[in-house]
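Here is how the chains run, residue by residue.
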Amino acid sequence: MAWDFQTDPEYQEKLDWVEQFVREEVEPADRMYAHPLDMTDPVRNALIRPLQAQVREKELWACHLGPELGGPGYGQLKLALLNELIGTTLSGPVVFGTQAPDSGNAETLAHFGSPELKERYLKPLLEGEIASCFSMTEPTGGSDPTGFQCRAVRDGDHYVINGEKWFSSNARFASFLVLMAVTDPDAERHRRASMFIVPADTPGIEIVRNVGVTGHAGHEGTHAYVRYTDVRIPADHLLGEEGDGFKVAQVRLGGGRIHHAMRTVALVRRSLELMLERAVSRETRGKRLGDLQMVQDMIAESWVQLEQFRLFVLRTAWKIDQVKDYKLVIKDIAGVKVAMPKVLHDVASRALQLHGSLGISTEMPFGKFVLESFHMAIADGATELHKQQVAKQLLRGVEPAPDLFPSAHALRLDEQARAKYADVLAAVQADHAALMGA
Ligand SMILES: Cc1cc2nc3c(=O)[nH]c(=O)nc-3n(C[C@H](O)[C@H](O)[C@H](O)COP(=O)(O)OP(=O)(O)OC[C@H]3O[C@@H](n4cnc5c(N)ncnc54)[C@H](O)[C@@H]3O)c2cc1C
């Protein structure tokens, strides 16, 4: 029976190396540059490239991908264990070749790109030589993609794109954008849009502004408001078939969601570790914080939430490895997506609280972690939509009660039990009657 919660010793050895490498190399490097994908920054390049080389040497580069994509084929469960270690760092995902949105875009290209597109964009992306962007959300709202307005019109051997996109993360570092645009406004709602590769240097692409998010450093943000005006791309830059936009997006977003969750485990775990350290370091009225029952409640609740969430993430990753299709694990991925912001919010908030004024200061990471929980509740689809998805999946195929009363109604169960054991009852009654008659 396969029901094993242990990591195989060979991979554990690699994880032990990762833990030390992150602490000694990646965390200090993080303090030296503004963005790990800004390849115009010479300090970034001087620090990150040698770290990437070490990761390759250890055969951990893009470890979830198969050999055909330049990885060792470890799959999602092993990626989850890796992400638990690198998820607290800014550049860990870039150093290990697993960063969003590039990892999702790479999977999209691998699934749906032509050989030429793979050669031109996938190869350098997987090598970490270029960055990419996913340009789907529109300024008019992201929660209902069937209402998107950005248009791609076929013109001979080209498509011409006009429209606007919002929160296209990393557009300013990207060599290409994966863009969703309406190709047939009259088609059935989920066949209206298609997905394209748009080279970033195509004339007509304008970054209106780079929007920042609260709590992140730097004046200029990384979430681009992009305007596409008569952007002309070759027709073979279409991913899949015309009308496949939603299908491609599901492959793209399924992976992204679970990868965010894996990294969130790291943030929750860091919050708890710091909470524990604080609880045994700070004294008040002659006692350590950790000796106070209300603090113990915070610690216990946090650990329970972390363990529940972590197991949920690991099992979902394991399921993806079994079926190799995000769509078949959609309920679990949506469930993890729902749980993620709440667990991070709760545990990081308690850690912040236990650190008092220091906790809310910019000298500790908790404020950033709490804000990050809001990112997790919005990016890749708002929590409300994922709750709907979970409920829809759970309700699918459920039979209604046989009559006015539920199937587990006590009177019904009594009646069923009496019917099932009628012979036994009859025999016992007959014995009893015989005994009384004797
Ligand atoms: C950090 C971050 C990075 C992102 N990166 C990218 C990126 O790289 N590329 C990209 O294309 N997009 C990106 N996004 C955008 C993200 O996909 C959208 O923000 C998301 O889909 C929600 O769309 P919206 O912001 O327009 O909110 P809206 O669609 O306007 O929704 C606002 C709120 O309304 C409520 N709501 C909406 N629909 C429902 C419903 N059916 N039932 C109940 N309540 C509902 C929810 O509370 C929701 O948060 C990013 C977002 C964040 C926060």
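Further up the page is the structure itself.
Below or above, wherever it landed, is the structure these notes cover. Just so you know, these numbers come straight off a predicted model, no measurement behind them.

On to the overall build of the protein chain. Looking only at helices and strands, the protein chain has 14 helices and ten strands in total. Seen along its three principal axes, the alpha-carbon backbone of the protein chain occupies a region of about 105 × 70 × 40 Å. In the protein chain, which comprises 438 residues, the proportion classed as buried is 40%. Long-range contacts, defined as pairs at least 24 residues apart, comprise 69% of the intrachain contacts of the protein chain with a sequence gap of at least 6.

Here we come to the environment of Ser143. Following the sequence through the fold, Ser143 ends up in the loop between strand S1 (131-135) and strand S2 (151-155). When the C-alpha atoms of Ser143 and Glu384 are compared, they prove to be 9.7 Å apart, with 241 residues separating the residues in sequence. With sequence-adjacent residues up to four places away left out, Ser143 is seen in contact with Ala382 and Leu385.

Once that is clear, we can look at the site of the ligand. Near the ligand you find 21 residues, and of these Met136, Gly142, Ser143, Ser169 and Glu384 are the closest. At the level of secondary structure, the elements contributing two or more residues to the shell around the ligand comprise S1, strand S3 (158-169), helix H11 (366-378) and helix H12 (383-395). With three residues, S3 is the largest single contributor of residues to the shell around the ligand. Across the shell around the ligand, the residue classes break down as nine nonpolar, ten polar and two charged.

Where helix H8 (residues 293-323) contacts helix H9 (residues 330-354), the axes come no closer than 10 Å and their chain directions differ by 155 degrees. Considering their axes alone, H8 and H9 lie roughly antiparallel with respect to each other. Crossing handedness for the pair H8 and H9: left-handed. Counted together, Val295, Met298, Ser302, Gln305, Leu306, Phe309, Phe312, Val313, Thr316 and Lys319 of H8 and Asp332, Ile333, Gly335, Val336, Ala339, Val343, Asp346, Val347, Arg350 and Leu354 of H9 form the full contact between these two elements.

If you check H9, its first and last C-alpha atoms are 37 Å apart, about what 25 residues at 1.5 Å a residue would give, namely 36 Å. At Ala339, H9 shows its maximal kink, close to 25 degrees; a proline, Pro341, follows between one and four residues later. Positive backbone phi, approximately 55 degrees, marks Gly356, located one or two places after H9.

One finds Ile161, Ala181, Phe196, Val198, Leu344 and Ala348 to be the most contacted residues of the largest nonpolar core, which totals 101 residues. For Phe196, the contacting residues outside a window of four places in its chain are Ala152, Tyr159, Leu179, Ala181, Ile233, His237, Leu238 and Leu239.

So, on to the packing of helix H1 (residues 9-30) against helix H2 (residues 42-57). Following both chains from N to C, one finds H1 and H2 inclined at 155 degrees, their axes separated by 10 Å at the closest point. Relative to H2, the element H1 is oriented roughly antiparallel. The interaxial crossing formed by H1 with H2 has left-handed handedness. The segment H1 lies against H2, with Glu25, Val26 and Ala29 engaging Leu47, Ile48 and Leu51. A breakdown of the residues in the contact of H1 with H2 according to their chemical character gives five nonpolar, no polar and one charged.

The rules behind the values
- Residues numbered from 1 in each chain as written.
- Predicted model: local features only at pLDDT ≥ 70, side-chain atom pairs only at ≥ 80, totals over all residues.
- Helix = DSSP H or I, 4+ residues; strand = E, 2+ residues; numbered from the N terminus.
- Buried ≥ 20, exposed ≤ 12 C-beta atoms within 10 Å, placed from the backbone.
- Contact = placed C-beta atoms within 7 Å.
- Near = placed C-beta within 6 Å.
- Nonpolar A, V, L, I, M, F, W, Y, C, P; charged D, E, K, R; others polar.
- Axes fitted to C-alpha atoms, helices over the stretch in contact; angles between N-to-C directions.
- Parallel < 35°, antiparallel > 145°, perpendicular 65-115°, else oblique.
- Left-handed = near helix turned anticlockwise from the far one by under 90°.
- Expected span 1.5 Å × (residues − 1).
- Bend = angle between axes of the 7 residues up to and from the residue.
- Core = buried A, V, L, I, M, F, W, Y, C linked by C-beta atoms within 7 Å.

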